[in-house]
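Structure at a glance
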Amino acid sequence: MNKKILVTQSSMPPLDEYLELIKDIWNTRWLTNMGKYHKEFQAKLKEYLDTENIELFTNGHMALELSLQAMNFQRGRTEVITTPFTFASTTHAIIRNGLTPVFCDINPVDFTIDVTKIEELITDKTCAIMPVHVYGNVCNVDEIERIAKKYELKTIYDSAHTFGVRYKGVSTANFGDLSIFSFHATKVFHTIEGGAACFHDTKIGRKLYHLKNFGITGPETVDGIGANAKMNEFCAAMGICNLRHVDENISKRKLVYERYIDNFSNVDGLQLNKFSKDITPNYAYFPVIFDEKIFGSSRNEVFEQLAKNDIHVRKYFYPLTNSFECFHGMFDVSETPIALHISNRVLTLPIYSELSLDDVDRICEILLTCKK
Ligand SMILES: *Cc1c(COP(=O)(O)O)cnc(C)c1O
């Protein structure tokens, strides 16, 4: 029986490295509330992500949700232009702030927001654009910046997939007014659970610092309706350890990525994710779009065939966020036809640093038994 393969596997630092840091937490009994590892990790990340300002959070979602709150949009400016081809978090962060997502379609090449369709969605209620750097592809940041300037909109990037990714040499932490990252266990780089916001305006930074701690600004003052979203010391210590190994992990992911590309290069009916020359990738995901008419099997048939062989891939992103049950009747998926098309045909295949090339070959072999 072949071993079970999941879509991802968390990278772990050598246990000794982690224990070494954890010992200190035992000695000091400082477990959370912006302790020494929080400060150290923040400084190291600033350097790695090549950014001026960074605030750490308990997860990527709270970074996104509190960042929107920190923007303090004018009364009546309630619409945020975004895409439905994303994780639940992006759309939820908007709605949980009492704002309204206005869904823009994606482009069929790199699955990020279709910048030619943004302007027609802008109204006098629009306050921000919240694009997503899907699968580690970088949005058309130049055009988004032009539009945001012209209409005086804020730009908040969901950069959860682009840890360490650069576009024309610039770290994705630096685009827009603010970019958030997720350090969830399943991401390229993780702190078990964790996240960060990178931004230019230090006033936003002060707000975020308070908002992640209930809005408390002094021993006897609370001047914001904040949440509890602080990164604890155990997670910060994990981040410090994982950061030492992240470049090596990304190089191993690159080998997996290239092996898939080699194995699929002559197969008709598969659309692969090729990175633009301007991007230094992190190989976060390996999406494949199936064209059933040419490939001979549907996405769902391939999914089942792999599952039968104990290979568990994901239909990521399916369903679209604008078709979630919790939003029943609120949105119309037919307004984002390309996102719908891709969402119905995509699978993301296993990719992680410890995945062997033999396992990649086996996954490809089984997948190609579906080719008719
Ligand atoms: C993972 C993810 C998030 C949320 O991050 P968490 O750290 O899990 O809260 C947000 N957006 C996207 C696109 C993600 O993939």
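Right above here is the structure, for reference.
Reference entry: report on the structure contained in this document.

The rules behind these values
- Residues numbered from 1 in each chain as written.
- Predicted model: local features only at pLDDT ≥ 70, side-chain atom pairs only at ≥ 80, totals over all residues.
- Heavy atoms only, no water.
- Salt bridge = Lys/Arg side-chain N within 4 Å of Asp/Glu carboxyl O.
- Helix = DSSP H or I, 4+ residues; strand = E, 2+ residues; numbered from the N terminus.
- Buried < 20%, exposed > 50% of the residue type's maximum accessible area, 1.4 Å probe, protein only.
- Near = heavy atom within 4 Å.
- Polar contact = N/O pair within 3.5 Å; in protein donor to acceptor, adjacent residues only side chain to side chain.
- Areas by Shrake-Rupley, 256 points an atom, 1.4 Å probe, with all protein chains shown as cover.
- Nonpolar A, V, L, I, M, F, W, Y, C, P; charged D, E, K, R; others polar.
- Contact = heavy atoms within 4.5 Å.
- Pairing = 2+ DSSP bridges.
- 1 Å grid on protein atoms, 1.4 Å probe; cavity = no way out; pocket = protein on both sides within 12 Å on 5 of 7 lines; lining within 4 Å.
- Points joined across faces, edges and corners; volume = space filled by probe spheres on them.
- Axes fitted to C-alpha atoms, helices over the stretch in contact; angles between N-to-C directions.
- Left-handed = near helix turned anticlockwise from the far one by under 90°.
- Patch = residues over 30% accessible without salt bridge, like charges linked within 9 Å, V, L, I, M, F, W, Y side chains within 5 Å.
- Lys, Arg positive; Asp, Glu negative; His and termini not counted.
- Charge placed at Lys NZ, Arg CZ, Asp CG, Glu CD.
- Phe/Tyr/Trp six-rings, centres within 6.5 Å; stacked < 30°, edge-to-face > 60°.

We now examine the pattern of salt bridges. Under the criterion given, the structure shown has 19 salt bridges. Linking glutamate 20 and lysine 23 is a salt bridge whose minimum nitrogen-to-oxygen distance equals 3.5 Å. Of this pair, glutamate 20 and lysine 23 are both found in helix α1 (residues 15-28), three residues apart, which corresponds to roughly one turn of the helix. With its nearest N and O atoms 3.0 Å apart, the salt bridge here joins arginine 96 to glutamate 65. Here arginine 96, found in helix α4 (residues 88-96), pairs with glutamate 65, found in helix α3 (residues 60-70); they are 31 residues apart in sequence, far enough to count as distant. Note on arginine 96: relative accessible area 59%, which makes it exposed. A relative accessible area of 10% means that glutamate 65 is categorised as buried. Salt bridges sharing common partners tie together Glu119, Glu143, Arg146 and Lys150.

Our focus in this paragraph is the site of the ligand. Gly60, His61, Asp158, Ser182 and Lys187 are the nearest of the 14 residues found near the ligand. Residue aspartate 158 places a side-chain N or O atom 2.7 Å away from a nitrogen atom belonging to the ligand. Serine 182 places a polar side-chain atom, nitrogen or oxygen, 2.7 Å from an oxygen atom of the ligand. For the ligand, whose unbound accessible area comes to 380 Å², protein coverage reaches 93%. Residue classes in the shell around the ligand are distributed as three nonpolar, nine polar and two charged.

Bringing the environment of threonine 162 into the picture now. One can find threonine 162 in the loop between β6 (154-158) and β7 (166-167). For the pair threonine 162 and phenylalanine 181, spaced 19 residues apart in sequence, the C-alpha separation works out to 7.6 Å. Residue contacts for threonine 162: discarding those within four places in its chain leaves His133, Gly136, Asn137, Thr172, Phe181 and Asn282.

Moving on: the sheet that holds strand β14 (residues 279-280). One open sheet accounts for three strands, arranged β8-β7-β14; its pairing is antiparallel. Only two strands of the sheet have a single neighbouring strand rather than two, namely β8 (170-171) and β14. In this sheet, β8 lies alongside β7 in antiparallel orientation, the contact comprising two bridges. Its bridge partner being in β8, tyrosine 167 is matched across the sheet by valine 170.

Glancing now at the layout of surface pockets. By volume, the largest pocket amounts to about 680 Å³. Taken together, 36 residues form the lining of the largest pocket, with Phe87, Thr186, Lys187, Tyr285 and Tyr316 sitting closest to its centre. The leading source of residues in the lining of the largest pocket is α3, at three residues. The class makeup of the residues in the lining of the largest pocket is 18 nonpolar, 12 polar and six charged. Lining the second largest pocket are Gln69, Ala70, Asn72, Lys207, His210, Leu211, Gly215, Thr217, Asp223, Gly224 and Ile225.

Moving on, we get to the packing of helix α7 (residues 233-264) against helix α11 (residues 357-368). Each pair of packed helices can be summarised by the angle the axes make with each other and by the distance between the axes. Here α7 crosses α11 at 35°, and the two axes come no closer than 10 Å. By crossing handedness, the relation of α7 to α11 is classed as right-handed. On the side of α7, the interface is formed by Leu255, Val256, Arg259, Tyr260, Asn263 and Phe264, while α11 contributes Leu357, Val360, Asp361, Ile363, Cys364, Leu367 and Leu368. When the residues that make up the contact of α7 with α11 are grouped by side-chain class, the tally is 10 nonpolar, one polar and two charged.

Side chains of Lys154, Lys203, Arg206 and Lys207 sit close together on the surface and give a patch of like positive charge. For the positive patch, the element with the highest residue contribution is helix α6 (residues 202-211), accounting for three residues. Topologically, lysine 207 is positioned in helix α6. For lysine 207, a relative accessible area of 34% corresponds to the partly exposed category.

One pass over the structure, following the stated rule, counts 28 aromatic pairs. Ring geometry for phenylalanine 163 and phenylalanine 183: centres 5.8 Å apart, planes at 90°, overall edge-to-face. Linking phenylalanine 163 in the loop between β6 and β7 with phenylalanine 183 in the loop between β9 (178-182) and β10 (195-199), this pair joins segments that are 20 residues apart in sequence. Residue classification places phenylalanine 163 among the buried positions, given a relative accessible area of 2%. Seen in terms of ring centroids, phenylalanine 290 and phenylalanine 295 are 5.4 Å apart; in terms of plane orientation they differ by 65°. Their pairing is edge-to-face.

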